[in-house]
Amino acid sequence: MALLQRGRCCGAAATTSLRRLVLRPQGRVCESHVSSKYRASSSLPDEKKEFLQNGPDLQDFVSGDFSDKSMWAEYKGSLKRQKGERLRLPPWLKTEIPIGKNYNKLKSTLRSLNLHTVCEEARCPNIGECWGGGEYATATATIMLMGDTCTRGCRFCSVKTAKNPPPLDLNEPYNTAKAIAEWGLDYVVLTSVDRDDILDGGAEHFAKTVSHLKERNSKILVECLTPDFRGDLKAVEKVALSGLDVYAHNVETVPELQRKVRDPRANFKQSLQVLKHAKKVQPDVISKTSIMLGLGETDEQVYSTMKLLREADVDCLTLGQYMQPTKRHLKVEEYVTPDKFKHWEKVGNELGFHYTASGPLVRSSYKAGEFFLKNLVEKRKTKVI
């Protein structure tokens with residue numbers, strides 16, 4: 001879950017999981033009950049009564065989110081970086097990490113089979129929620145194929161780089177399928193580092209992994225979050241026709257900031273062509289991309305980028321806050337507010353995206369989003385949409 005995250009405990013109410021939808025009414029009932037109980041007590045000061053009435057409900061405990069959202073609008077810290085300044089983290093980006101019941105099981109299996117996940121490599125804040133799943137949720141994980149070393153050096157990414165990474169593990173496609181079968185996941189995201197040292201960029205490796213997964217469990221939904229394969233459309237085609245359900249490739253930022261943010265071998269036009277070609281060769285596939293905000297882009301640039309993506313027939317879009325992984329990476333130019341993210345979600349819906357996930361902690365792979373995508377895939381298979 002490269003772009004990061006999740007936030008998968010996504011500060012965006014837009015990406016609400018079914019579990020939340022089911023529990024929310026109960027939360028309101030409990031809140032109402034507690035409030036009426038304390039209203040009957042005249043011994044409490046008025047401010048304490050108000051606090052209890054407006055305090056956390058069941059939903060807050062379920063989600064693990066105890067931050068006082070009413071204070072967000074009152075935050076007086078700087079949100080736009082001045083020269084020589086390093087911005088402080090605003091309250092909406094400080095979140096507890098819920099650890100789901102499947103978390104330890106998934107982590108143990110990963111270690112035993114020498115598999116990597118973006119969830120861990122990118123230190124995603126939503127790892128517990130995504131891996132946890134649950135009775136009403138879609139349990140997901142993002143597996144990073146082809147090792148943990150990338151041949152490119154994007155200035156936003158913390159994954160380690162090298163000109164000649166170690167050779168591919170030929171057993172990885174089989175081991176990945178074996179692990180996912182043991183986990184009982186509903187939805188898996190396969191992503192990878194860039195491997196410019198390999199002739200097809202690793203497209204065959206992706207395709208074999210999808211094939212093994214579908215052989216073991218034909219019902220599991222598979223999303224491939226791919227590199228750009230240096231613009232090699234035959235490689236794109238190989239993955240698009242592998243039997244996957246969602247083809248994802250991240251444009252990362254607006255066209256105007258591509259050179260500043262991404263490795264020189266990547267660019268917006270090339271990424272857009274990848275997304276277009278995947279749909280061309282497999283019209284039923286759902287296409288998806290992601291944009292980071294807070295790198296210095298303007299509202300006009302974001303809107304223009306969203307229009308270009310929709311005109312390219314991209315189905316799903318995620319927008320999240322860029323977070324500087326280390327001091328060696330690009331500084332955050334702006335912390336975008338939750339209200340602004342809600343605005344972009346509305347714009348995405350108006351432009352016609354089937355799904356727009358927009359929030360400070362939203363990343364390209366996020367459980368709540370994947371729950372929605374699961375239903376979207378199933379509808380498309382039955383030709384409802």
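### Quick notes on the overall build of the protein
From N to C terminus, the protein includes 14 helices and 10 strands. In the protein, which comprises 385 residues, the proportion classed as buried is 52%. Accessible surface, the protein: about 17900 Å² in total, of which carbon and sulfur atoms supply 51%.

### Here we look at the confidence of the model for the protein
Of all residues in the protein, 65% have pLDDT values of 70 or greater, and the mean over the chain is 77. Within the model, pLDDT remains below 50 along residues 1–42, and this stretch shows 116 contacts once partners closer than five positions in the same chain are excluded. Contacts from residues 55–67, a stretch scored under 50 in pLDDT, to residues over four places away or in other chains number 18 contacts.

### Things to note about helix H8 (residues 203–216)
The end-to-end C-alpha distance of H8 is 20 Å, a good match for the 20 Å that 14 residues give at a rise of 1.5 Å each. For H8, the complete set of buried residues consists of Ala203, His205, Phe206, Ala207, Thr209, Val210, Leu213 and Lys214.

### Thoughts on helix H7 (residues 172–183)
With 12 residues, H7 ought to run about 16 Å at 1.5 Å a step, and its terminal C-alpha atoms sit 16 Å apart, in line with that. Among the residues making up H7, those that are buried are Glu172, Pro173, Asn175, Thr176, Ala177, Ala179, Ile180 and Trp183. Once H7 ends, the next one or two residues include glycine 184, with phi positive near 75°.

### Here's the deal with the side chain of threonine 209
Examined against the element boundaries, threonine 209 turns out to sit in helix H8. Look at threonine 209 and you get buried, because its relative accessible area is 0%. Residues contacting threonine 209, with those up to four places away along its chain left out, are Leu145, Pro173, Thr176 and Leu190.

### Considering the packing of helix H9 (residues 233–240) against helix H11 (residues 268–281)
Between H9 and H11, whose axes approach to 9 Å, the crossing angle comes to 50°. The angle between the axes of H9 and H11 places the two elements in the oblique class. Crossing handedness for the pair H9 and H11: right-handed. Listed contacts from H11 to Leu233, Val236, Glu237 and Ala240 of H9 are Gln273, Val274, His277, Ala278 and Val281. Looking at the contact of H9 with H11 residue by residue, the class counts come to six nonpolar, two polar and one charged.

### A short note on the nonpolar core
With 33 residues, the main nonpolar core has Leu293, Met306, Leu309 and Leu319 as its most contacted residues. Sequence-distant contacts of leucine 319, defined by excluding residues within four places in its chain, comprise Ile291, Leu293, Val302, Met306, Phe341, Trp344, Thr356, Ala357, Ser358, Gly359 and Val362. The next biggest cluster of nonpolar side chains, apart from the first, holds 31 residues, and it includes Met146, Ala203, Val210 and Leu244.

### A closer look at the environment of methionine 306
On the secondary structure map, methionine 306 appears in helix H12 (residues 299–311). Separated by 11 residues in the primary sequence, methionine 306 and leucine 317 place their C-alpha atoms 8.4 Å from one another. Here methionine 306 is in contact with Leu317, Leu319, Trp344, Val347, Gly348, Leu351 and Phe353, once residues within four sequence places are set aside.

### Quick look at unusual backbone geometry
Not every positive phi belongs to a glycine, and methionine 146 is a case in point at roughly 65°. Locating methionine 146 in the fold gives a position in the loop between strand S2 (140–145) and strand S3 (149–150). Since its relative accessible area comes to 3%, methionine 146 is described here as buried. Unusually for a residue other than glycine, phenylalanine 229 sits at a positive phi of about 55°. Looking at the secondary structure, you find phenylalanine 229 in the loop between strand S6 (221–225) and H9. Its relative accessible area of 3% is what places phenylalanine 229 among the buried residues.

### Quick look at the packing of H8 against H9
Remark: H8 packs on H9, axes separated minimally by 8 Å, with the N-to-C direction vectors making an angle of 5°. With respect to H9, the axis of H8 lies roughly parallel. When H8 is examined against H9, the residues Ala203, Glu204, Phe206 and Ala207 are found in contact with a partner set consisting of Ala235, Lys238 and Val239.

### Section: the packing of aromatic side chains
In this structure the tally under the stated criterion is one aromatic pair. Above the plane of the ring of phenylalanine 353 lies arginine 310, whose end atom (NZ or CZ) is 5.8 Å from the centre.

### Details of empty space enclosed by the protein
Taken as a whole, the second largest cavity encloses approximately 30 Å³ of empty space. In terms of lining, the second largest cavity is formed by Arg152, Asp194, Arg195, Asp196, Gly201, Pro227, Phe229 and Arg230. For the lining of the second largest cavity, the residue count by class is two nonpolar, one polar and five charged.

### Some remarks on the pattern of salt bridges
All chains considered together, the criterion is met by 17 salt bridges. Across the salt bridge formed by aspartate 263 and arginine 265, the nearest N and O atoms sit 2.9 Å from each other. Here aspartate 263 falls in the buried class, since its relative accessible area comes to 6%.

### Things to note about the pairing of strand S8 (residues 286–293)
Successive side chains on a regular strand alternate, one facing one side of the sheet and the next facing the other. For S8, the tally of buried residues reaches eight of eight residues, placing the bulk of the element in the interior. Neither face of S8 is exposed, since Ile286, Lys288, Ser290 and Met292 on one face and Ser287, Thr289, Ile291 and Leu293 on the opposite face are all buried. Summarising the sheet, strand S7 (residues 246–248) and S8 pair through three bridges and their orientation is parallel. Residue pairing in the sheet places valine 246 in a bridge with isoleucine 286 of S8. In this structure, S8 lies alongside strand S9 (residues 316–321), joined through six bridges in parallel fashion. Of the residues in S9, the one forming a bridge with leucine 293 is glutamine 321. Each parallel crossover has a hand, and the one from S8 via H12 to S9 is right-handed.

The rules behind these values
Residues numbered from 1 in each chain as written. Predicted model: local features only at pLDDT ≥ 70, side-chain atom pairs only at ≥ 80, totals over all residues. Heavy atoms only, no water. Helix = DSSP H or I, 4+ residues; strand = E, 2+ residues; numbered from the N terminus. Buried < 20%, exposed > 50% of the residue type's maximum accessible area, 1.4 Å probe, protein only. Areas by Shrake-Rupley, 256 points an atom, 1.4 Å probe, with all protein chains shown as cover. pLDDT = per-residue confidence, 0-100. Contact = heavy atoms within 4.5 Å. Expected span 1.5 Å × (residues − 1). Axes fitted to C-alpha atoms, helices over the stretch in contact; angles between N-to-C directions. Parallel < 35°, antiparallel > 145°, perpendicular 65-115°, else oblique. Left-handed = near helix turned anticlockwise from the far one by under 90°. Nonpolar A, V, L, I, M, F, W, Y, C, P; charged D, E, K, R; others polar. Core = buried A, V, L, I, M, F, W, Y, C linked by side-chain atoms within 4.5 Å. Phe/Tyr/Trp six-rings, centres within 6.5 Å; stacked < 30°, edge-to-face > 60°. Lys NZ or Arg CZ within 6 Å of the ring centre and 35° of its normal. 1 Å grid on protein atoms, 1.4 Å probe; cavity = no way out; pocket = protein on both sides within 12 Å on 5 of 7 lines; lining within 4 Å. Points joined across faces, edges and corners; volume = space filled by probe spheres on them. Salt bridge = Lys/Arg side-chain N within 4 Å of Asp/Glu carboxyl O. Pairing = 2+ DSSP bridges. Right-handed = clockwise from strand over helix to strand, strands pointing away.

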